[in-house]
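Structure assessment
Now for the letters of each chain:
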Amino acid sequence: MHANARAILPAPAGADPCSKAAPSSPTTMSYTCRTCVRRKVKCDRLTPRCSSCRRGNHECSYQVPFPPTRKRKASEDLADRVARYERILRQHGLLDADTQTRVSGISPDPISFHYTEPAASTTGRVLAAKGTSRYVSGHPWNNFGEEEVRRVFEEEEQEQREMTITSERLVSDPLTDALMGSRRSLLQYHPTHTEALLLWHMHVESVEPFCKILHIPSTSAMIERVSHHPELASDADECLVFAIYQFAVYAMTDEDCEQKLGQPRSTLSRRYHSAAQQALVNAAFLKTSDIQVLQALVLFLLSSRQYYDSQTYWILTGVAVRIGQRIGLHQDGEKLGMSPFDVQMRRRLFYQLIPLDGRASQMAGTVVFIPPDAWDTQLPRNINDEQIWPGMTEAPREQQGATQMIFCLSRACVGRFFASMSPHLSSTGPWKFDSLPEAESVIGAAEREVEDKYIRYCDIVDPLHFLTVGLARAGITAMRLRVRLTRVRNQTATEAEMREVFHLAQKILDTDAAVSAHSGLERYRWHVRPFFLWGTFDSFISVLTTLWTRASVLSPVEVEGAWKKVEQVYCNHDELLGTKPLYVALRRLTLKAWDAHAPSGTGTEPGFIATARSLRMAKSKAMEGTPAAIRNAKDDRDDPAISRAPSATDLDAMLGPVAESIDGEMGDGINFDAVDWAFWDQLIQYHQGYEDG
C-alpha cells in the first residue's frame, strides 16, 4: 500500500535531492505521462498516477522524452569525413596526436554508444567449407584468422557429437523429439507429494524472483493437485510441473539435493530434464496456443543452457519466440480486451521470452532480433501476486515501493534507456550526442528514474534487493563507460580520459565481485554465476585491452590490482573456462594481455593463466596434424590474425562499414547488455596496430 512505502536506500552522491522526498507527498514529473500523450489530453503530471488516468482507470507510466532531434547538416558530414581521415593518418604516424581539426565549429568526435551509424552497418561473414557454411557476426573472434574461427566452432561441434554418444538422452532436444519421437507416459517420473512441494518451494524462493512468469497462488494449487493425482494431470499441467522441477534442481547445490532429496544432483537433473522434454512433446508444443505450455518451454530453456551447444539453443529459443507470436504476446493484452489477470501474465512472459532469445543470439554469434516497432506490449505492473487472480474484472492498482516485481521492473527500467540509445533498436532515439554533457543529461535522467521508482525502496539487507541495487547501478555505470569509450575508439582520448574509462570498468567488476562474494546470495548462485550485470563484458574487455596495450598509463600498483580483479572474474565465473567460442576468444585476449604486461615480480603463473594455456594446448594437441593446429600451436606473436599491423586498406574498411552489434540482457523487451562486439573488434584491432607500429 502507498502508506507503507518508504524510502530506505539513499541515492548516490550528487543525485537530485528531490528524489529523496517523502513518498507520502505527491510528486510531479517534468513531462507528461505516455497515456495522456497518446490520448491527447491534459496531464497534471502527478505520480504514481496522474488525475486523468486515475479518473479513466488507465495505466499511467512516465518515460523521459527523447531530446529534440535536429537535421544533420552538410558540415557535420564533412566533419565526420575529416575525423575519419585524421584517424587513419594518426595511426600511421602522419599526424600529430594532439592535432584536431574543427569544421564550422562542429566537433569531429561526437559521443555515441555504438561504433557506427545505423546506415553504416553491414553483415558479418560466412565461413564455407565442404558444402557447409556458418555465419559469424561481430564477435571478438572476428579478429582471428578464418581457419582459427572455423576450428573453434568445429571443436564445439565435435564435443557435442561425443556427448551424444556417451549420453544420448541428455543431449537430445525437444525439437528433434517433436519431429521424430512419440507420446510416452511420464507417471514413473513424478516425484512424491513431499518431494514435489519441496521442489516447488525451492523454485518460489530461488528462481521465481528473477522470472516472475508464474502466478504463485494459482500455480501452488496446481502443484498440490498434480502431486496428489499425477494420473489426472493435463498435458499442459504436466509440462509446467516438470519444467518447475527441473529448474528447482538446476538452482540447488549438490549438498541440497543429497540432503533434501536423497539423490545426486546429476541424477535428478537427468531425470527431470528428460521428463520435461518428453512432456513438451506430449503436449505437441510446436502446435500449441496454450500460454501454460509456453511458460513451461521458457522455464525449460532458461535452465537448459548447459545441455545444448550455442547453435541448437538459439534455434530452440527462436521456436519459443514463434510460439509467442502465434499466441499474440507481441500485442498488448489490454488493447485486445483481455482480462486484467491475463494481461499481466502475458506481459510478464513476454518480457522474459524476448531477452532469452537475444541472449541466445549473442552466444551463437548471429545478430537477429525482433525490432521494437514489431510489438507494443507494455511493462507489467509493479504489484504482488496477491493483487491479481483469474476471473478478476478490474485492473490492479500499481504499488509505490518494493514488490515481488522489483528486480524485473528495475532491470526493465534501465533497459528502456539502453533501448533509446541503440541505433539498431530505435530509429528515433538519441543514439548520438554532440558532447559528453549532453550524453550525461540523458544518463542522469535514467539514474533519477530508477533511483526514485525502485532503488530508494530497497533494503540491502534483503539479498534480492542487494542484487537489484547492484544491477541497476551497474547499468548506469555501463552507460557512462560506453559514452566515454568513444574517444578511446577514435584514438583521441587523453591519458586522463583513458584512466577514467579504466576506473569505470573496474567499478563494474568490483560490483560483480561484491555480488559473487555475498554470503546471503547462495540460493541465487545459479543466476549470479553467469555474467548478469550490465557492462560486465565491456568492462572485462576494457580492462584486458588496457593491460595489453596501454599499461603505461597505469602505475605498477594499478596493474597488479587490475590483474587481481581479472583473476577474481575467472574465479567467480567458471564458464569462462568453457568451450563456447566467445569464452575461447576472451581467454586468448587474457593471454595476450598477460604476455604483454604481467604484474612485476610474478614468479609462477596464477591458476587462471595456467588453465587458459593448458586448455589451448590441449585443443592444439587434439587437432595435431592439421594446418590450423600447427599455426595455432605457435606463440600468439607469430599469429598474423592476431598481431599483424593493419594495412591502409584494413583501416579504411575498419573505419567505414562494420558488423552490427549484439546487445544483451533483460531490458525493454530486448537483450540489453549493450555489448557492442563490433566496437570491441575495432578497438582491439587498433591496439594490435599500435602495439606493432
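Residues numbered from 1 in each chain as written. Predicted model: local features only at pLDDT ≥ 70, side-chain atom pairs only at ≥ 80, totals over all residues. Heavy atoms only, no water.

For the protein, an unreviewed UniProt entry supplies the name Putative C6 transcription factor and the organism Aspergillus uvarum CBS 121591. In its Subcellular location (unreviewed entry) section, UniProt records this for the protein: "Nucleus". (UniProt positions renumbered as here; feature names shortened; annotations may be inferred.)

Section: helix α21 (residues 536-549)
Side chains three or four residues apart in an α-helix point the same way, a direct result of the helix having 3.6 residues per turn. The terminal C-alpha atoms of α21 lie 20 Å apart, and with 14 residues this matches the ideal 20 Å at 1.5 Å per residue to within 8%. The buried fraction of α21 amounts to 14 of the 14 residues, a majority that puts the element mostly inside the structure. (Helix = DSSP H or I, 4+ residues; strand = E, 2+ residues; numbered from the N terminus. Expected span 1.5 Å × (residues − 1). Buried < 20%, exposed > 50% of the residue type's maximum accessible area, 1.4 Å probe, protein only.)

So, the pattern of salt bridges
Across all of its chains, the model carries 21 salt bridges by this definition. The residue D385 makes a salt bridge to K212 at a minimum N-O spacing of 3.2 Å. Taken together, the residues D385 in the loop between α15 (340-364) and α16 (406-421) and K212 in the loop between α8 (208-211) and α9 (216-228) connect sequence positions 173 residues apart. In this structure D385 comes out as buried when scored by relative accessible area, which is 0%. A relative accessible area of 3% places K212 in the buried class. A salt bridge links D595 to R613; its shortest N-O distance comes to 2.4 Å. Of this pair, D595 sits in helix α23 (residues 581-596) while R613 sits in helix α24 (residues 607-622), placing them 18 residues apart in sequence. Judged by relative accessible area, which is 28%, D595 ranks as partly exposed. Exposure remark for R613: the relative accessible area of 25% places this residue in the partly exposed category. (Salt bridge = Lys/Arg side-chain N within 4 Å of Asp/Glu carboxyl O.)

A short note on the packing of aromatic side chains
Scanning the model with the defined rule gives 15 aromatic pairs in all. Between F247 and W526, the ring centres sit 5.1 Å apart and the planes meet at 75°, which makes this aromatic pair edge-to-face. Of this pair, F247 sits in helix α10 (residues 235-251) while W526 sits in helix α20 (residues 525-528), placing them 279 residues apart in sequence. The class for W526 is buried, based on a relative accessible area of 9%. (Phe/Tyr/Trp six-rings, centres within 6.5 Å; stacked < 30°, edge-to-face > 60°.)

What about a positive patch on the surface?
Together, R39, R54, R55 and R397 give the surface a local cluster of positive charge. Inspection of the secondary structure assignment puts R39 in helix α1 (residues 34-39). (Patch = residues over 30% accessible without salt bridge, like charges linked within 9 Å, V, L, I, M, F, W, Y side chains within 5 Å. Areas by Shrake-Rupley, 256 points an atom, 1.4 Å probe, with all protein chains shown as cover. Lys, Arg positive; Asp, Glu negative; His and termini not counted. Charge placed at Lys NZ, Arg CZ, Asp CG, Glu CD.)

Focus: the UniProt feature "domain: Zn(2)-C6 fungal-type" (unreviewed entry) in the protein
Within this numbering scheme, the UniProt entry marks residues 32-62 as carrying the feature "domain: Zn(2)-C6 fungal-type" (unreviewed entry). Helix makes up 39% of residues 32-62 and strand 6%, whereas the separation of the span's terminal C-alpha atoms amounts to 7 Å.

Some remarks on the side chain of Q292
Looking at the secondary structure, you find Q292 in helix α13 (residues 291-302). If we ignore the near neighbours within four places in the chain, the residues touching Q292 are A236, D237 and L240. (Contact = heavy atoms within 4.5 Å.)

Considerations on the nonpolar core
Membership of the largest hydrophobic core comes to 145 residues, with the highest contact counts inside it found for F242, L294, L297, L467, L547, W563 and V566. When residues of this core are assigned to domains, at least three map to each of domain 3 (172-399) and domain 4 (434-619). Dropping the residues within four chain positions of it, V566 is found in contact with F540, V543, L544, L547, T590 and F608. Within the second largest apolar cluster, eight residues are counted, among which are Y31, C33, C50 and C53. (Core = buried A, V, L, I, M, F, W, Y, C linked by side-chain atoms within 4.5 Å. Domains from an automatic or database assignment.)

Focus on the environment of G444
The topology assignment puts G444 in helix α17 (residues 436-453). On the basis of relative accessibility, which here comes to 9%, the residue G444 falls in the buried class. Each C-alpha atom, one on G444 and one on R480, is 9.6 Å from the other, the two residues being 36 residues apart in sequence.

Thoughts on the confidence of the model for the protein
For the protein, mean pLDDT is 75; residues scoring 70 or higher make up 65% of the total. Of all secondary-structure elements in the protein, the lowest mean pLDDT belongs to strand β8 (residues 658-659), at 24, while α9 reaches the highest, 97. Low confidence marks residues 115-123, where pLDDT is under 50. Its contacts with residues over four positions away, or in another chain, come to 29 contacts. In the model, residues 138-144 has pLDDT below 50 throughout and makes 39 contacts with residues more than four positions away in sequence or in other chains. (pLDDT = per-residue confidence, 0-100.)

Remarks on unusual backbone geometry
Among all residues save glycine, negative phi is the norm, and among peptide bonds the norm is trans. Positive phi values are uncommon outside glycine, yet R45 reaches one of about 65°. Tracing the backbone shows R45 in the loop between α1 and β2 (46-47). Not every positive phi belongs to a glycine, and K212 is a case in point at roughly 55°.

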